[in-house]
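Letter by letter, the chains look like this.
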Amino acid sequence: MTPTLETRNLTKIFGGLVAVNRVNLVVPENTIASVIGPNGAGKTTFFNCITGFYTPEHGDILFYGKPVVGFSPDRVAYLGISRTYQNIRLFANMTTIENILVGQHPRLHSTWVDAIIRTPRMKNEEQAALAEANRLLRFVGLAGMGDHLARNLPYGAQRRLEVARALANKPKLLLLDEPTAGMNPHETREMMIFIRNLRDELGITILLIEHDMRVVMGISEQVTVLDYGEKIAEGTPEEIQGNARVIEAYLGRGAASGLGARAQVS
Amino acid sequence: MKIQIRHALTTGIVSAIVLIFLVLIGFHATAADLIGSLLDFRTGAPVFGLTPLMINMLLLFTIIGIWNGARGAKCHEPDSLSKSLVGGLVAGITAGVLFGLLAYIIGLLNEMGVRITLYLASLIPASVRLFLLNLEPVQAGIFYLVFLMITGLIGALFAYSIRSTSSKRSVKDLWGDVTAPVTRQPAYRTAMASRYTKLVFYAILLIIVFLLPLRLGQYWNYTIGTVGIYVLLGLGLNIVVGLAGLLDLGYVAFFAIGAYTAALLTAPQPHNLQWGFWTVVPIGLVLAAFSGILLGIPVLRMRGDYLAIVTLGFGEIIRILSRSDMLASFSGGPRGVTNVAGPTLFGQRFNSPEAFVYLILLSCLLIIFVTNRLKNSRVGRAWIAMREDEVVAQASGINILTHKLLAFAIGAAFAGLGGVLFASRNAFTGPEDFSLMVSINVLALVIVGGMGSIPGVIAGAFVLKGLPEVLRQLDVYRVLFFGGLLVIMMIIRPEGIIPSTRRKLELKEDQEIEPDPAHPESTSVEVADNVVQSDLQGQEK
């Protein structure tokens, strides 16, 4: 079976800095995969390459076996890849519902001519889109806040709205950039359950960047570790936890040898 | 309660400033005359010592007084009649005290024999007498105090009755228990109420607008025509700047292209094509739209300041080209093009100022209709999303390229239509009509009116192009007053006179849609809902 996402030798260079260096990654369908790594490891750059914000210098990105390298972000979205952002980026002066409606953009077809004449096709489409948006609104637990401006929502609600907007595109692959950043333990736990539901119920393949190790270890089936743009480890959460190179990348060489030694003893 | 009284006080002071300002520039006399000619009520026997003119003037003050009271009564939760009345009363008394004081001072000065016209050019003795209602200074002061108090109370009642028909969601609803059944007024009732009042309001407005040109003289019709053309320009720029967020300072170029299309195709000089007006309208629209796309292509990657500078250059290029001697044989050069054809209807010439007012009004209605439809569509949402965050908009699947070009093209087309009407009405067009100031004015009216808001653009056009004409009697003070007014306005309402509002789209519980069995996702809704409900309850604690 073709994996949902595959990168081959993906390389992105900024000037002299190699931000992403020959990264190979395979995300099978219907899995929750994580990308972790210290600050500046190139995780977000990696995401930006996949979603078409950056064009990588070398390498391939395959989405269900089809190359998407060099596609503009809107074409990538059209194919069914949605994402959220590390620092929340909503359309601040639009309402919650409108944010979700914008997310549905690639799934709608009415043109400006349809809009002026208000053809039956456009009317039906808009009605269906609105119903769908309301359904999503409830799905992410924002019922009653649909007509509030996005910028007036509380932080947790903004995060959920970002996910709802991403889901409106009916994605096959969802990229979440630090979905639990800034959340308290309780909210984090809810978000974990929510992410798992997305996979279990909607069958969406999920790739996430996360710093909170409890989240990473708790929900992912596959963990990839990046450091200085290179993939240094890959495996199940258990495998990663004991990996000496990973500990080294996070905590430094001395700590790694100490911890590694202890791990061997126990 | 304290906050509310403070709010009412502020409202009263603002209204008093508006009233005092209107009287000082002698507007009450002008308005009384205007209302009189509209209602055909100018002569007649005095009622309770009030001449028809005075009654007309009081009509104006009544409207402002009611507005004052209605504003003073709002802003509190929960709604109660007594609080509304207190708010309206406080606002009324505040405005009344200040305005009454003005009446008293003017009355005193008048008694002392000071010639107020020397200092305030438009406050001629007749206007002063009209304002004082032939009363003693003290009497006039008290009269206005009581007058504003009563109108304030009426306004408060009015505001209360409107608000109590439309149910409001309280803040508590936001994080309240979502599992509890929500009792609320049936949604259709509120929808009916607001829709009905809106319809009546628009109907009245339309009737007034369509009767007005018959009553007004040539001069005012010409002014209203100009305002209308600026409404067209404003609505076009509103799409480019207000919706799509592309700062365009060369917007006048498209206006010029529309005007020159009309001029060169219909005038006997310099090409002697002499086409009809009605054929030229679509050609002007299309040419302007096309030039919008041409300008759009090179500036697609630019944003903000850079875009503004490039478009500024484009506007100047068009103006300078139109007056260059090199192109004089083609475009008429600095002298412009004369004898531009007016419209004809059933073989009749149709170019009196009144006829043009109707034509421009119809065009405005058409453009408002189109803008409104676009704004609330997939395309409109894409534009606004682009304005809010271009990168994210693109990542949400919006094709930035086509949507930017579409915004430029449609905005330009509206300006083109404005240009055709402008050239045709003036029967002349020349390079001096298309200075940078036009672009700046249009941009200013969009900002002053409220970015992205259609009623805002109309209000902005009236304030920026209509008000200077109304203030013309002020002579030398005109620009000073106008500037001061703009500054005050931007302090009071920085987001514009009528800021853009978002449509309410969330379906209420009683409009619940059946889950679609075709979508497998619908099963998961309950699962996630449970998660979220516990989440919400967690937040409440």
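Every value quoted in this text rests on a predicted model; they were computed, and no experiment measured them.

A. Focus on the overall build of chain A. Helices and strands together make up the secondary structure of chain A, namely eleven helices and ten strands. Computed over its C-alpha atoms, the radius of gyration of chain A comes to 20 Å, within 12% of the 18 Å expected for a compact globule of 266 residues. Once the C-alpha set of chain A is aligned to its principal axes, its extents read approximately 70 × 40 × 35 Å. Looking at chain A as a whole, 58% of its 266 residues qualify as buried. Sequence-distant contacts in chain A: of pairs separated by 6 or more residues, those separated by 24 or more amount to 68%. Roughly 10700 Å² of accessible area belongs to chain A as shown, and the carbon and sulfur atoms make up 53% of that amount. Taking the 28 positively charged and 27 negatively charged side chains of chain A as two groups, their mean positions are separated by 3 Å.

B. Fine view of the packing of aromatic side chains. All names here are of chain B. Summed over all chains, the structure comprises 17 aromatic pairs over all chains. On the numbers, 5.0 Å between centres and 70° between planes, the contact of Phe 99 with Tyr 144 is edge-to-face. Taken as a pair, Phe 99 in helix H4 (residues 81-111) and Tyr 144 in helix H6 (residues 137-165) lie far apart in primary sequence, 45 residues in all. Residue Phe 99 shares its accessibility class with Tyr 144, and that shared class is buried. Centre to centre, the rings of Phe 255 and Phe 434 are 5.4 Å apart; their planes meet at 80°, and the pair counts as edge-to-face.

C. A look at a nonpolar patch on the surface. Residues and elements named next belong to chain B. On the surface, a cluster of nonpolar side chains totalling about 940 Å² of accessible area is made up of Leu 101, Tyr 104, Ile 105, Leu 108, Leu 109, Met 112, Val 138, Ile 142, Val 146, Ile 150 and Ile 154. Contributions of two or more residues to the nonpolar patch are made by H4 and H6. Residue classification places Ile 142 among the partly exposed positions, given a relative accessible area of 49%.

D. Fine view of the pattern of salt bridges. Evaluation of the coordinates by the stated rule reveals 18 salt bridges over all chains. For A:Glu126, the salt bridge identified is with B:Arg381, shortest N-O distance 3.1 Å. Here the residue A:Glu126 occupies a position in helix H5 (residues 120-139), and B:Arg381 occupies one in helix H15 (residues 378-388), the pair thus bridging two chains. In this structure, a network of salt bridges that share partners links the residues A:Glu132, A:Arg135 and A:Lys170.

E. View of the domain arrangement of chain B. We note that the domain assignment places domain 1 (2-164) and domain 2 (224-499) within chain B. If you average the C-alpha positions of domain 1 of chain B and of domain 2 of chain B, the two centres end up 37 Å apart.

F. Looking closely at the sheet that holds strand S10 (residues 230-235) of chain A. Residue and element names in this part refer to chain A. If you walk across this open sheet you meet the six strands as S6-S7-S8-S3-S9-S10, and the pairing is mixed. Edge positions in the sheet fall to strand S6 (81-83) and S10, since each of these pairs with one other strand and no more. Each neighbouring strand pair of the sheet contributes to a mean axis angle of 20°, computed without reference to strand direction. Relative to strand S8 (residues 205-209), strand S3 (residues 32-36) is paired through four bridges, and the arrangement is parallel.

G. Here's a closer look at the packing of helix H3 (residues 96-103) of chain A against H5(A). Residue and element names in this part refer to chain A. The N-to-C vectors of H3 and H5 enclose an angle of 115°; their axes lie 9 Å apart at closest approach. Remark: the crossing between H3 and H5 carries right-handed chirality. Contact residues: Thr 96, Ile 97, Ile 100 and Leu 101 in H3; Ala 129, Leu 130, Ala 133, Asn 134, Leu 136 and Leu 137 in H5. Of the residues assigned to the contact of H3 with H5, the class counts are eight nonpolar, two polar and no charged.

The rules behind the values
Residues numbered from 1 in each chain as written. Chains lettered and ligands numbered in written order. Predicted model: local features only at pLDDT ≥ 70, side-chain atom pairs only at ≥ 80, totals over all residues. Heavy atoms only, no water. Helix = DSSP H or I, 4+ residues; strand = E, 2+ residues; numbered from the N terminus. Rg over C-alpha atoms; globule rule 2.2 N^0.38 Å. Buried < 20%, exposed > 50% of the residue type's maximum accessible area, 1.4 Å probe, protein only. Contact = heavy atoms within 4.5 Å. Areas by Shrake-Rupley, 256 points an atom, 1.4 Å probe, with all protein chains shown as cover. Lys, Arg positive; Asp, Glu negative; His and termini not counted. Charge placed at Lys NZ, Arg CZ, Asp CG, Glu CD. Phe/Tyr/Trp six-rings, centres within 6.5 Å; stacked < 30°, edge-to-face > 60°. Patch = residues over 30% accessible without salt bridge, like charges linked within 9 Å, V, L, I, M, F, W, Y side chains within 5 Å. Salt bridge = Lys/Arg side-chain N within 4 Å of Asp/Glu carboxyl O. Domains from an automatic or database assignment. Pairing = 2+ DSSP bridges. Axes fitted to C-alpha atoms, helices over the stretch in contact; angles between N-to-C directions. Left-handed = near helix turned anticlockwise from the far one by under 90°. Nonpolar A, V, L, I, M, F, W, Y, C, P; charged D, E, K, R; others polar.

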